[in-house]
Amino acid sequence: DFRRIKSGHDIVLIHSGSVYSDKNLDLFISAAEKIKNIRVAIVIVGMPENNYTQKLSDKCFVLGRVSYDTSNFLIKQSHAILQPNRSSSYSGLSGKVFESLYSENFIITDKIVHNDLKTFKSKFSNIKECVTEDEFVQCIYNIHSGVFKKSEVQNKSLLTREYWTGVLFDNLVEIKKHRK
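Residues numbered from 1 in each chain as written. Predicted model: local features only at pLDDT ≥ 70, side-chain atom pairs only at ≥ 80, totals over all residues. Heavy atoms only, no water.

Student: Lay out the overall build of the protein chain with the relevant residues and their values.
Tutor: Looking only at helices and strands, the protein chain has seven helices and six strands in total. When its helices and strands are written in sequence order, the protein chain yields α-β-α-β-β-α-β-α-β-α-β-α-α. Across the 180 residues that make up the protein chain, the buried fraction comes to 43%. In the protein chain, 70% of the contacts between residues at least 6 apart in sequence involve partners at least 24 apart. (Helix = DSSP H or I, 4+ residues; strand = E, 2+ residues; numbered from the N terminus. Buried < 20%, exposed > 50% of the residue type's maximum accessible area, 1.4 Å probe, protein only. Contact = heavy atoms within 4.5 Å.)

Student: Summarise the nonpolar core; cite the residues concerned and give the values.
Tutor: Soluble, globular proteins show a tendency: their nonpolar side chains are buried together. Counting residues in each nonpolar core, the largest one holds 24 residues, and the members touching the most others are Leu13, Val40, Ile42, Leu82, Ile108, Phe136 and Ile140. Mapped by element, the contributors of at least two residues to this core are β1 (11-17), α2 (26-32), β2 (40-46), β4 (80-83), β5 (106-109) and α6 (133-145). Beyond its immediate stretch of four places on either side in the chain, Ile108 contacts Leu13, Phe28, Ala80, Ile81, Leu82, Gln83, Lys128, Cys130, Phe136, Cys139, Ile140 and Ile143. (Core = buried A, V, L, I, M, F, W, Y, C linked by side-chain atoms within 4.5 Å.)

Student: Account for the packing of aromatic side chains, naming residues and giving values.
Tutor: Counted according to the given criterion, the structure contains two aromatic pairs. Ring centres 5.4 Å apart and planes at 50° place the aromatic pair Phe28 and Phe136 in the tilted group. With Phe28 in helix α2 and Phe136 in helix α6, this residue pair connects regions lying 108 residues apart in the sequence. Overall, Phe28 belongs to the buried group, its relative accessible area being 0%. Using a relative accessible area of 0% as the deciding quantity, one classes Phe136 as buried. Residues Phe106 and Phe148 carry aromatic rings whose centres are separated by 6.3 Å and whose planes lie at 50° to one another, so their mutual orientation is tilted. (Phe/Tyr/Trp six-rings, centres within 6.5 Å; stacked < 30°, edge-to-face > 60°.)

Student: A description of α6 should follow, citing residues and the corresponding values.
Tutor: If you check α6, its first and last C-alpha atoms are 18 Å apart, about what 13 residues at 1.5 Å a residue would give, namely 18 Å. Regarding α6, the residues found buried are Phe136, Val137, Cys139, Ile140, Asn142 and Ile143. As for α6, its buried residues are in contact with β1, α2, β2, β4, β5 and β6 (127-129). Phi turns positive, to about 90°, at Gly146, one or two residues after α6. (Expected span 1.5 Å × (residues − 1).)

Student: For helix α3 (residues 68-77), give the residues involved together with the corresponding values.
Tutor: Every buried residue belonging to α3 is among Ser71, Asn72, Leu74 and Ile75, and all of these are buried. Around the axis of α3, the buried residues are gathered within 160° of arc, so they sit on the same side. Opposite the buried face of α3, by more than 90 degrees, sit the exposed residues Asp69 and Lys76. (Arc of directions from axis to C-beta.)

Student: Got a sec to walk through the sheet that holds β5? Specific residues and values, please.
Tutor: Neighbouring strands of a sheet are bound in pairs by backbone hydrogen bonds; such pairs are parallel or else antiparallel. Spatially, β3-β2-β1-β4-β5-β6 is the arrangement adopted by the six strands of the open sheet, whose pairing is parallel. A strand with exactly one partner marks an edge of an open sheet, and here the two such strands are β3 (60-64) and β6. Averaged over all pairs of adjacent strands, the angle between strand axes in this sheet comes to 25°, irrespective of strand direction. Note: β4 against β5, four bridges, orientation parallel. From the neighbouring strand, Ile81 faces β5, where its bridge partner is Ile107. Contacting β1, β2, β3 and β4, α3 runs over the sheet at an angle of about 150° to β1. (Pairing = 2+ DSSP bridges. Axes fitted to C-alpha atoms, helices over the stretch in contact; angles between N-to-C directions.)

Here it is, written out as structure tokens:
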């Protein structure tokens, strides 16, 4: 199915994971409807059953649940990853964020609300924050025309468990110093 979708579209965007009322694809889907001269597909993998029903359009293709390896393959084969943020709860240093960054693909996100994600945006040029539909449309045009170029992640060490374990350790040491 994915190969058929990709061969029939100029830009294939992928979202892998769950959607919720406060972490959904509404901005991206609505904005994609405004793009007329580029054939855009939004591929959604995952979407386990919960209390939220994502509104879709004819640009959306739901593949359902796939294996972890298949999800990573599809992420690498797409033109960009759609990564909405969850405003009501913390969604910063998650495995999904690290996997997306590690893929070296573009990550299109809506408003970045967590400070650590803002830090990632400053360190990884493949992250594109689109707060409005117009910004999203322009981002798609820039990806399609080659204005945006995928950058190799120069600091992949920031995406490893060892790095963050070290950061946690250093922070715990600092907390302990201040408690004395």
